[in-house]
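Working through the structure, step by step
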Amino acid sequence: MLASADAARQRARQASRGPRRLVVGFRAGIVVTRALRAFGARHPEVEVKARRVEWDDQEQLILDGSVDLAYVRRPIQDEGLTLLPLYAEPRVAMLPEGHRLAGKQELALADLDDETWLRYSDPRPGDVPIRTIEEKFESVAAGTGITLVPHSVAEQYSRPDITYVPVPDAEPDEVLLAWRSGRRSPLIAAFAEVAAASPFGD
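In this report, we go over the structure that sits alongside the text. All of these numbers come straight from a predicted model, not from anything done at the bench.

**A short note on the pairing of strand β1 (residues 21–26)**
Where burial is concerned, most of β1 is hidden: 5 out of the 6 residues are buried. Bridge count between β1 and strand β2 (residues 47–52): 6 bridges; the pairing is parallel. Residue pairing across strands places Phe26 opposite Arg52, the latter belonging to β2. On the question of chirality, the crossover connecting β1 to the parallel β2 by way of helix α2 (residues 33–42) is right-handed. Of the strand pairs in this sheet, β1 and strand β3 (residues 69–73) are connected by 3 bridges, and their pairing is parallel. Within β3, the position partnered with Val24 by the bridge is Leu69.

**With respect to the sheet that holds strand β7 (residues 162–166)**
Pairing within the open sheet is antiparallel, and its 3 strands lie in the order β6-β5-β7. Looking at the sheet topology across the chains shown, the edges are occupied by β6 (147–150) and β7. When the angles between neighbouring strand axes are averaged without regard to direction, this sheet yields 40°. Where strand β5 (residues 91–96) lies against β7, 5 bridges are found, and the strand directions are antiparallel. Opposite Leu95, over in β7, you have Thr163 as the bridge partner. Contacts from helix α4 (residues 133–141) reach β5, β6 and β7, with the element oriented near 50° to β5.

**Structural notes on the packing of α2 against helix α6 (residues 186–197)**
Close contact between α2 and α6 brings their axes to 9 Å; oriented N to C, the two are set at 130°. When the axis of α2 is compared with that of α6, the two are oblique. Remark: the crossing between α2 and α6 carries right-handed chirality. Listed contacts from α6 to Ala35, Leu36, Ala38, Phe39 and Arg42 of α2 are Leu187, Ala190, Phe191, Glu193 and Val194. In the contact of α2 with α6, the residues fall into 8 nonpolar, no polar and 2 charged.

**Overview of the sheet that holds β1**
What the 5 strands build is an open sheet, ordered β2-β1-β3-β8-β4; its pairing is mixed. Taken across any chain shown, the strands that pair with only one partner, and hence form the sheet edges, are β2 and β4 (81–89). The sheet shows a mean angle of 20° between the axes of neighbouring strands, direction not considered. Where β4 lies against strand β8 (residues 173–180), 8 bridges are found, and the strand directions are antiparallel. Following the sheet pairing, Ala88 is matched in β8 by Glu174. Running at roughly 165° to β2, α2 makes contact with β1, β2 and β3 of the sheet.

**Points about the environment of Thr163**
Tracing the backbone through its elements, the reader meets Thr163 in strand β7. Residues Thr163 and Gly98 lie 65 residues apart in sequence; the distance between their C-alpha atoms is 8.7 Å. Apart from residues lying up to four places away in sequence, Thr163 is in contact with Ala93, Met94, Leu95, Pro96 and Ala102.

**A few points about α6**
Side chains three or four residues apart in an α-helix point the same way, a direct result of the helix having 3.6 residues per turn. In this model, α6 (12 residues) spans 17 Å end to end at C-alpha, consistent with the 16 Å of a helix rising 1.5 Å per residue. What α6 keeps buried is the set Leu187, Ile188, Ala190, Phe191, Ala192, Val194 and Ala195. Its buried side turned inward, α6 meets β1, α2, β3, β4 and β8.

The rules behind the values
- Residues numbered from 1 in each chain as written.
- Predicted model: local features only at pLDDT ≥ 70, side-chain atom pairs only at ≥ 80, totals over all residues.
- Heavy atoms only, no water.
- Buried < 20%, exposed > 50% of the residue type's maximum accessible area, 1.4 Å probe, protein only.
- Helix = DSSP H or I, 4+ residues; strand = E, 2+ residues; numbered from the N terminus.
- Pairing = 2+ DSSP bridges.
- Right-handed = clockwise from strand over helix to strand, strands pointing away.
- Axes fitted to C-alpha atoms, helices over the stretch in contact; angles between N-to-C directions.
- Contact = heavy atoms within 4.5 Å.
- Parallel < 35°, antiparallel > 145°, perpendicular 65-115°, else oblique.
- Left-handed = near helix turned anticlockwise from the far one by under 90°.
- Nonpolar A, V, L, I, M, F, W, Y, C, P; charged D, E, K, R; others polar.
- Expected span 1.5 Å × (residues − 1).

Next comes the structure, spelled out in structure tokens:
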């Protein structure tokens, strides 16, 4: 009985300290290297893993515990989540090579009024889902439509059949750190502190 009680107390102490692994989600274009390294230096006993999330599952993966917290982009359904704004970045138009507007120094949203836009966030019945940046590449390069992406995506992803043009009057893309509301984890709190001190993460 004494041994059983000791084991129960040990399990309780381990549970109170929280998990020894932290899974950090991130959207395409967001570099989390600096924050992961800084957190690892402060907490070498914790295994830190990074996992990419997409626009259509970023909330669910946090809420179901697949990731402990994540770098997300708006729009986001914030019910059940705590959000920490980190930074905003400009958006650029993703256009196919040879597009009439390719090669411009910059564009206004009005210049794109007559363009066909990818409808991945508002699909029609029967539309093939577009989830990843790679799927956006294929759709734009094929001439299906155009879209706006964050500047960091343009910096990190390039293809000879895709061109990017800045759109200064487009609403900036906001990056936030998100975790499940009410979750009491010292590791999440510690990572949020590191992320706030190194918001760009690179």
